[in-house]
Amino acid sequence: MTFSVPESLLPVRGDSVSLNFSTSAPSDTAALLLPVTSDDSKVEVPVTSLAPKGALEALETVGAKGTAGEITRVVVDGKLVIAFGLGNADEIDDETVRRAVGSLARTLYGTESAVISTEFGVTPVVEGLLLGAYKYKGFKAPCQCGCDGEHGLTDVTVVGKDDEKEAFDQAVILAESVMLARDLVNTPSNHLYPAVYAELIENVGKQVGLEVDVFDEKQLEEQGFGGILAVGKGSARAPRLVHLKWTPSASKSSVALVGKGITFDTGGISLKPGAKMEDMISDMGGSAAQFGAIVAAARLNLDVAVDAWLPLAENMPSGTATRPGDVIRHYGGITSEVLNTDAEGRLVLADAIARAAEDNPDFMIETSTLTGAQLVALGNRTAGVMGSDEFRDRVAALGREVGEQAWAMPLLEEQEEELKSPVADIRNVHNARTGGMLFAGLYLSRFVGEDTEWVHIDVAGPAWNGGSPRGYTPKRATGAPLRTIVATLRSIAEAN
Ligand code: BES
Ligand code: MN
Ligand code: ZN
């Protein structure tokens, strides 16, 4: 089933190409998208039914080499051919194709229609096209150039074999979830705040067959969600907790998903410096990825039971805000001494993790833009993965498999001591300047049940691209680590 997003809840969506699948090549498209490879810096055209005669000569004439990411436009027999380089034919994997097709997709705006074949895999071609062409135009006034305001979105026909149709549909579903997550993260925080965000999740969640329950401040108060309330109470926009539930017809395993949903993080009373504070629009990236993942699980009809818990709050300084030194009580009873109000993510996550753990899921996947220390440790493209040894390694490996860089990191025994507080069960920050990502992971571990295999994926860097577009990764929101989470759900469903 498809879904639509009401404009009243999400005013702007990103653009991309529109795709359709066919078993035969249409003859009337404006452009042919042609994969080329490279042998010793010499361009090669793979044996493909779609390459017109003379394509190789035309590409050689303009000096194409076929290296990975190279895009070359030539006209052959009056027809536009856009060649995309895949590099050495022996070294091509799905990620090579996703990136090359992503770079290609970014050049398609203004081309009315195109055709591409699937000899290098239907899934990476679809992902590369939809995710690479994705562009968030924001709230700019309509274009005055005489175009339709969209600068010509492209219709792309993907030509493959009959038995590739299902993989095509599944790849579209996954990419649509990533684009939805990107839209949510890209939306400015004056447009997307907890109440609106919760309403949107409820609306879209129900369309795809999920059960949805939204806890407002009153219910959070009644049920003791002290962490979410403490973080949200400095803002005029009240917090929410959203519970989504996917119940498949057959499943032996259950998975809880938890995602940080800070719609804007000023730091609170422990106010952040001004430089780059606007990037904290992305501080709900974890919740957006989890929401997209459970939407995909339902639309893909995965055989695994999934519960998503998404704590949504805005972290603001004000006369009603939480102060450094305050002691709060989380859902389930554990108390935290809040020594820094900018370490707010772990406070809302503690409540959500404790609630998710109550149902004794077999696995728990939590993800958040949690620490600047993640960027210090691993840079801005590689997620830090902590948790139960085996599951942590499995999730990190799956992340790398789908092209979302991820690396296993330890939880440190020596930091246990640093969690201690004189006035509460634990404190939310430690004194040391080292190991900040790991300390946050250790803090979260206190709220996970004993028998649950769990991971914490810190995507402070990977969720947001502050630089230029590359491959299928656009500027701003990336959607990470949504594809890692869906890959993990798939792997659990297949083991059922
Ligand atoms: N949302 C931030 C972490 C972050 C930083 C995300 C940079 C994306 C890019 C988080 O709430 C935060 O402020 N963490 C503090 C924790 C510190 C006070 C212990 C940090 O990392 O500085
Ligand atoms: Mn913060
Ligand atoms: Zn934050």
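Residues numbered from 1 in each chain as written. Chains lettered and ligands numbered in written order. Predicted model: local features only at pLDDT ≥ 70, side-chain atom pairs only at ≥ 80, totals over all residues. Heavy atoms only, no water.

1. Quick look at a negative patch on the surface
Reasoning step 1: A contiguous patch of negative charge on the surface is contributed by Asp39, Asp40, Glu44, Asp90 and Glu91.
Reasoning step 2: Structurally, glutamate 44 can be placed in strand E3 (residues 42-44). (Patch = residues over 30% accessible without salt bridge, like charges linked within 9 Å, V, L, I, M, F, W, Y side chains within 5 Å. Areas by Shrake-Rupley, 256 points an atom, 1.4 Å probe, with all protein chains shown as cover. Salt bridge = Lys/Arg side-chain N within 4 Å of Asp/Glu carboxyl O. Lys, Arg positive; Asp, Glu negative; His and termini not counted. Charge placed at Lys NZ, Arg CZ, Asp CG, Glu CD. Helix = DSSP H or I, 4+ residues; strand = E, 2+ residues; numbered from the N terminus.)

2. Section: the coordination of the zinc ion (ligand 3)
Reasoning step 1: For the zinc ion (ligand 3), the full set of protein donor atoms is Lys260 (NZ), Asp265 (OD), Asp283 (OD) and Glu344 (OE), at a range of 2.0 to 2.4 Å.
Reasoning step 2: Each of the 6 donor atoms bound to the zinc ion (ligand 3) contributes to angles spanning 78 to 172°, and the resulting shape is octahedral.
Reasoning step 3: Sequence spacing of the donors to the zinc ion (ligand 3): K-x4-D-x17-D-x60-E.
Reasoning step 4: Separation of the zinc ion (ligand 3) from the manganese ion (ligand 2) amounts to 3.2 Å, with aspartate 265 serving as a shared donor to the pair. The same class applies to lysine 260 and to aspartate 265, which are both buried. (Donors = N, O, S within 2.8 Å, 3.2 Å for Na, K, Ca; no water. Tetrahedral: all angles 85-135°; square planar, octahedral: opposite > 155°, others 65-115°. Buried < 20%, exposed > 50% of the residue type's maximum accessible area, 1.4 Å probe, protein only.)

3. Observations regarding the UniProt feature "binding site: Mn(2+) 1" (unreviewed entry) in the chain
Reasoning step 1: In this structure's numbering, the residues bearing the UniProt feature "binding site: Mn(2+) 1" (unreviewed entry) are Asp265, Asp342 and Glu344. With the annotated positions falling across 80 residues, the maximum pairwise C-alpha distance of 8.4 Å places them together in a single cluster.
Reasoning step 2: For aspartate 342, the position within the fold is in the loop between strand E14 (335-338) and helix H9 (345-358).
Reasoning step 3: Taking relative accessible area as the criterion, aspartate 342 reaches 23% and is therefore assigned partly exposed.
Reasoning step 4: Among residues more than four places away in sequence, those in contact with aspartate 342 are Asp265, Gly267, Ser270, Lys272 and Asn315.
Reasoning step 5: Residue placement: glutamate 344 occurs in the loop between E14 and H9. (UniProt positions renumbered as here; feature names shortened; annotations may be inferred. Contact = heavy atoms within 4.5 Å.)

4. A word on the pattern of salt bridges
Reasoning step 1: This structure, assessed with the given rule, holds 24 salt bridges.
Reasoning step 2: Put simply, arginine 13 and aspartate 183 hold a salt bridge, and the shortest N to O gap is 2.6 Å. Here the residue arginine 13 occupies a position in the segment before strand E1 (18-22), and aspartate 183 occupies one in helix H4 (residues 165-186), the gap between them amounting to 170 residues.
Reasoning step 3: The exposure class assigned to aspartate 183 is buried, which follows from its relative accessible area of 1%.
Reasoning step 4: A salt bridge links lysine 42 to glutamate 60, with the nearest nitrogen and oxygen atoms 3.6 Å apart. Within this pair, whereas lysine 42 is found in strand E3, its partner glutamate 60 is found in helix H1 (residues 55-61), the two being separated by 18 residues in sequence.
Reasoning step 5: Note on glutamate 60: relative accessible area 36%, which makes it partly exposed.
Reasoning step 6: Via salt bridges that share partners, Glu95, Arg98, Arg99, Glu127, Glu404 and Arg483 belong to a single interconnected network.

5. A word on the packing of aromatic side chains
The relative placement of two aromatic rings is captured by the distance of their centres and the angle of their planes.
Reasoning step 1: Tallied over the full model, the rule gives 6 aromatic pairs.
Reasoning step 2: Relative to phenylalanine 168, the ring of phenylalanine 21 lies with its centre 5.3 Å away and its plane at 45°, an arrangement referred to as tilted. Here phenylalanine 21, found in strand E1, pairs with phenylalanine 168, found in helix H4; they are 147 residues apart in sequence, far enough to count as distant. The two residues phenylalanine 21 and phenylalanine 168 agree in class, both being buried.
Reasoning step 3: Centre to centre, the rings of phenylalanine 215 and tryptophan 309 are 6.2 Å apart; their planes meet at 55°, and the pair counts as tilted. Of this pair, phenylalanine 215 sits in strand E8 (residues 211-215) while tryptophan 309 is found in strand E12 (residues 305-315), placing the two residues 94 residues apart along the sequence.
Reasoning step 4: For phenylalanine 215, a relative accessible area of 7% gives the class buried.
Reasoning step 5: Aromatic rings pair up to connect Phe215, Phe225, Trp309 and Tyr331 into one cluster. (Phe/Tyr/Trp six-rings, centres within 6.5 Å; stacked < 30°, edge-to-face > 60°.)

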